[in-house]
Amino acid sequence: LGLINPDFIVDVDGAAGGIINANRDSFMLYDMKERFLDAPVFIVPNGFDVARLTLGGAELKDGGAFWNDIFGDKHFSFDYEGFRFIGINSFGCGGGAPLLLSGRPTVGCIGDDEFRWLEGRFADGVKEGLQLVLFLHHEPSAGVWTDNSGRGSIVFDGKSRRKLLGLCAKHGAQAVFSGYV
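Throughout what follows, the structure given in this document is the object of discussion. Just so you know, these numbers come straight off a predicted model, no measurement behind them.

A few words on the nonpolar core. One finds Ile88, Leu118, Phe122, Leu134 and Leu164 to be the most contacted residues of the largest nonpolar core, which totals 13 residues. When residues of this core are traced back to their parent elements, those giving at least two are helix H4 (112-127), strand E8 (131-136) and helix H5 (158-171). Beyond its immediate sequence surroundings of up to four residues, Leu134 is in contact with Ile86, Ile88, Leu118, Phe122, Leu164, Cys168, Ala175, Val176 and Phe177. Counting residues in hydrophobic clusters, the runner-up holds 7 residues, among them Val12, Val44, Phe76 and Phe78.

All right, on to H5 then. With 14 residues, H5 should cover 20 Å at 1.5 Å per step; its first-to-last C-alpha distance of 20 Å lies within 8% of that length. Tucked into the core, H5 has its buried residues touching H4, E8 and strand E11 (175-178). Following H5 by one or two positions, Gly172 adopts a phi angle in the positive range, close to 75 degrees.

As a further point, take the environment of Ile4. Considering the arrangement of structural elements, one finds Ile4 in the segment before strand E1 (9-11). With relative accessibility at 63%, the residue Ile4 sits in the exposed group. Taking C-alpha positions, Ile4 is 9.7 Å from Leu37, a pair spaced 33 residues apart along the chain.

All right, on to a nonpolar patch on the surface then. A contiguous nonpolar patch, built from Val107, Val144 and Ile154 and spanning about 260 Å² of accessible area, is present on the exposed surface. You can see Val144 is positioned in strand E9 (residues 144-146). With a relative accessible area of 48%, Val144 lands in the partly exposed category.

Conventions used here
Residues numbered from 1 in each chain as written. Predicted model: local features only at pLDDT ≥ 70, side-chain atom pairs only at ≥ 80, totals over all residues. Heavy atoms only, no water. Core = buried A, V, L, I, M, F, W, Y, C linked by side-chain atoms within 4.5 Å. Buried < 20%, exposed > 50% of the residue type's maximum accessible area, 1.4 Å probe, protein only. Helix = DSSP H or I, 4+ residues; strand = E, 2+ residues; numbered from the N terminus. Contact = heavy atoms within 4.5 Å. Expected span 1.5 Å × (residues − 1). Patch = residues over 30% accessible without salt bridge, like charges linked within 9 Å, V, L, I, M, F, W, Y side chains within 5 Å. Areas by Shrake-Rupley, 256 points an atom, 1.4 Å probe, with all protein chains shown as cover. Salt bridge = Lys/Arg side-chain N within 4 Å of Asp/Glu carboxyl O.

Quick look at the structure:
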């Protein structure tokens, strides 16, 4: 990336390590991007970043609080050369995502507050004549993945997915980029 000298970088796969390591060292990859590429890095969280690690009903670590301490908001928006780039948290329901222990994807879901924020960013961008580009971790066009054995895994909450796709269509989002593809 340093050779192409980007104006900015958008990362849809979260920070390195997340709650599993839950210390500032686990975000080394993010720090390297910021320091060595001389370009701002915009990042949306993955499940390991905002998970709630629990044992027997007791919360051991709250990845969402840890994310907030390091990065601040779990969403972003910025304008660049006629575009509004928007990143949202697709782990926004139920206070955070359950920690992925099964090896299967955690379900994407966008909370009501995040939807209200997104609707405002979309509407304002349209009023300003900007083209809209959305970033999130979960891929919203497919609600279920099927593995080679034919077994399906729900990867995006149906209601949340339909609402997101409806907002994208209503406001004319030009592109959607995600981490799960």
